[in-house]
Amino acid sequence: MESLDSCEMDGNADFYGVGIRLGLYAQSLTTLLVTLFVQEEEGLNRVLSLLLQLAIFAGTLLLTNTGEIHAFEVVIVFWLLVGALSSLAGDQLSGVGSFSGTCRLIFYVALSAYSCWFWFAGLDTMQETPCAQVVFFGGSTIDGWFRTFGKAAAIVSLAIASGMLVWTTAVYSGERGNLKSRSRRPQTEITLVVLSIAMVILSIVSTEYVIRANHLTDVDDIFAVGQVLAFLVGLFQLVNTLVPIFFEGRFWMPRCWLLFGYHLT
């Protein structure tokens, strides 16, 4: 059995350093709060979140092309971005008819397509590690049952993202003037709120577990320039969302609560 010292590796702080991780965690929480309480900020929040996600994904593609990334590091990126996907908590699929919303769907399609390639073939071409690559709780390795799960999840996510993009394009093209024409109390589907919260928690806990389980070093220095910038962006978004919630009474704003589509209030 490999010793702890032989399994230690230098992590890539540019992808999953502590500042970037905290920034993305804050963005995930902000997305949930915005779709629930501060819907008028959805556009700005969507753009800021998408920019950081695109930067991380672009870097992943670059290192994949040059062969300078390990398979478990790609899984860390997936876990980080899963939290940012938890945005279906408000009265609609937020922003699907807007330019930024369409860009977000295109990003999801690209991420899902890369995920399909990764789980079916890509991970076999990536750098080896001195120890088994752990990607989920219980010491689950990348070559075990989790790879089968990854393949299934990638196919499902690609189908959903592609279908939503086609549907959005068709609806937005045919009914551009009607997408924001109605004014009513916000509708909140309780099941989507629970799902979104679960996704944020899963993203955070899984990311931290995989980093520790693979004995990565040099990824917890928040004072590096790149780390501070990502952290401050996420923190600013979160604080900017919390202020109206607690100081403008948004928390008690009247809304329609739904459970599986049935009105409770």
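Above this text you will find the structure in question.
Residues numbered from 1 in each chain as written. Predicted model: local features only at pLDDT ≥ 70, side-chain atom pairs only at ≥ 80, totals over all residues. Heavy atoms only, no water.

Here's the deal with the overall build of the protein
Here's step 1: Helices and strands together make up the secondary structure of the protein, namely 9 helices and 7 strands.
Here's step 2: Burial analysis of the protein (265 residues in total) assigns 46% to the buried set.
Here's step 3: Nonlocal contacts in the protein, meaning residues at least 24 apart in sequence, comprise 84% of its contacts between residues at least 6 apart.
Here's step 4: Accessible surface for the protein amounts to roughly 13500 Å². Of this, 68% is attributable to carbon and sulfur atoms. (Helix = DSSP H or I, 4+ residues; strand = E, 2+ residues; numbered from the N terminus. Buried < 20%, exposed > 50% of the residue type's maximum accessible area, 1.4 Å probe, protein only. Contact = heavy atoms within 4.5 Å. Areas by Shrake-Rupley, 256 points an atom, 1.4 Å probe, with all protein chains shown as cover.)

Let's talk about the nonpolar core
Here's step 1: Y16, I76, F118, W119 and I142 are the most contacted members of the largest nonpolar core, which totals 43 residues.
Here's step 2: At the level of secondary structure, the elements contributing two or more residues to this core comprise α2 (13-16), α3 (18-37), α4 (42-66), α5 (71-84), α6 (99-120), α7 (145-174) and α8 (190-213).
Here's step 3: Element by element, the count of residues in this core is highest for α5, at 10 residues.
Here's step 4: Ignoring anything within four residues of it in the chain, the contact list for Y16 reads G11, R21, E73, I76, L80, I211, L216 and V219.
Here's step 5: A26, L33, L36 and F37 belong to the second largest nonpolar core, which has 9 residues in total. (Core = buried A, V, L, I, M, F, W, Y, C linked by side-chain atoms within 4.5 Å.)

Structural notes on a nonpolar patch on the surface
Here's step 1: On the surface, L232, L235, V239, V243, F246 and F247 cluster together into a nonpolar patch covering about 610 Å² of accessible area.
Here's step 2: Mapped onto the fold, F247 is located in helix α9 (residues 225-247). (Patch = residues over 30% accessible without salt bridge, like charges linked within 9 Å, V, L, I, M, F, W, Y side chains within 5 Å. Salt bridge = Lys/Arg side-chain N within 4 Å of Asp/Glu carboxyl O.)

Shape descriptors only; they carry no functional weight alone.
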